[in-house]
Amino acid sequence: MTRAQLTEKILDIKREKNWTWKYICEEIGGVAPTMIVGALLGQMKLVKPLAKKAATLFGLSEVEERMLNEVPYRGTAMPPTDPLIYRFYEMVMVNGPAWKALIEEEFGDGIMSAIDFDFHFERMAHEKGDRVKIEMTGKFLPYKYYGAEQGIPAYGFKEE
């Protein structure tokens, strides 16, 4: 079985049992829903105790449970073709240079981590149609200026 086949098996069981992602995440627990759903869709790994809970919930074999604990090959072809995912890509293409400038002005020369990262969304009522509110936080990681001589900053934190 491939990881993609395991994902399809999990989705088939989800459909057959008429489970929601919310229900599945509550049953597995332990980490944020994005991490659980990402793992079940093949983009993240579940730590062993959570892989065991997922395997029990879905009735998976020991080999399939171990697959949930493996580090996956992550990502998709670019640009993404799914309209919802493409809109995130579009937001970054259009707004990315401004976000970069603003973040670097505030923090310095570095990046926002996509590994040490949190994501939360909520539904917000709005008279023109409900809105999706997204909050993302990531640790600021300054570039290391390797080979810096004494008196020269070793990292790209904002200089005052």
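Note that the structure is a prediction, hence the values are computed from the model and not measured. Every chain is numbered independently, its residues counted from 1 as its sequence is written. A pLDDT threshold of at least 70 governs which residues receive local features in this predicted model, and a stricter bar of 80 or more applies before side-chain atom pairs are shown or counted, although totals over entire chains, interfaces and linings include all residues. Values reported for side chains reflect all heavy atoms of the structure, with hydrogen atoms and water molecules removed beforehand.

1. A few points about the UniProt feature "active site" (unreviewed entry) in the protein
1) Next: UniProt positions are given in the numbering used here, feature names are shortened, and annotations may be inferred rather than shown by experiment. Under the present numbering, the feature "active site" (unreviewed entry) in UniProt falls on R87, E90 and S113. Lining the largest pocket, from this annotated set, are S113.
2) Next: Each helix corresponds to a stretch of at least 4 residues labelled H or I by DSSP, and each strand to a stretch of at least 2 residues labelled E; elements are numbered beginning at the N terminus. Note that E90 resides in helix α6 (residues 83-107).
3) Next: Accessible area is worked out with a 1.4 Å probe on protein chains only. A residue is then buried under 20% of its type maximum, exposed over 50%, and partly exposed in between. Overall, the relative accessible area of 30% leaves E90 in the partly exposed class.
4) Next: Structurally, S113 is set in strand β1 (residues 110-124).
5) Next: Note on definitions: a residue-residue contact is assigned when non-hydrogen atoms from the two residues lie within 4.5 Å. Excluding its chain neighbours within four sequence positions, the residues that come into contact with S113 are G138, K139 and L141.
6) Next: Within the local environment of S113, its side chain forms a polar contact with the backbone nitrogen of D116, the two atoms lying 2.7 Å apart. In the cavity and pocket records, a cavity denotes points on a 1 Å grid over the protein atoms alone where a 1.4 Å probe fits but cannot get out, a pocket denotes an open set with protein on both sides within 12 Å along at least 5 of 7 lines, and lining residues are residues with an atom within 4 Å of a point. Each polar contact in these results corresponds to two N or O atoms within 3.5 Å; when the atoms are within protein, one needs to be able to donate a hydrogen and the other to accept it, and residues that are neighboring in sequence are counted only if both atoms are side-chain atoms.

2. As for helix α4 (residues 48-58)
1) Next: Among all positions in α4, only L50, A51, A54, A55, L57 and F58 are buried. Down the axis of α4, the sector holding all buried residues measures 160 degrees, keeping them to one side. The exposed set on the far side of α4, more than 90 degrees from its buried face, consists of K48, P49 and T56.
2) Next: Along its buried surface, α4 packs onto α1 (3-17), α2 (21-28), α3 (33-40) and α5 (62-68).
3) Next: Two residues or fewer past α4, G59 is found with a positive phi of approximately 70 degrees. Here, the arc refers to the directions that run from the helix axis to the C-beta atoms.

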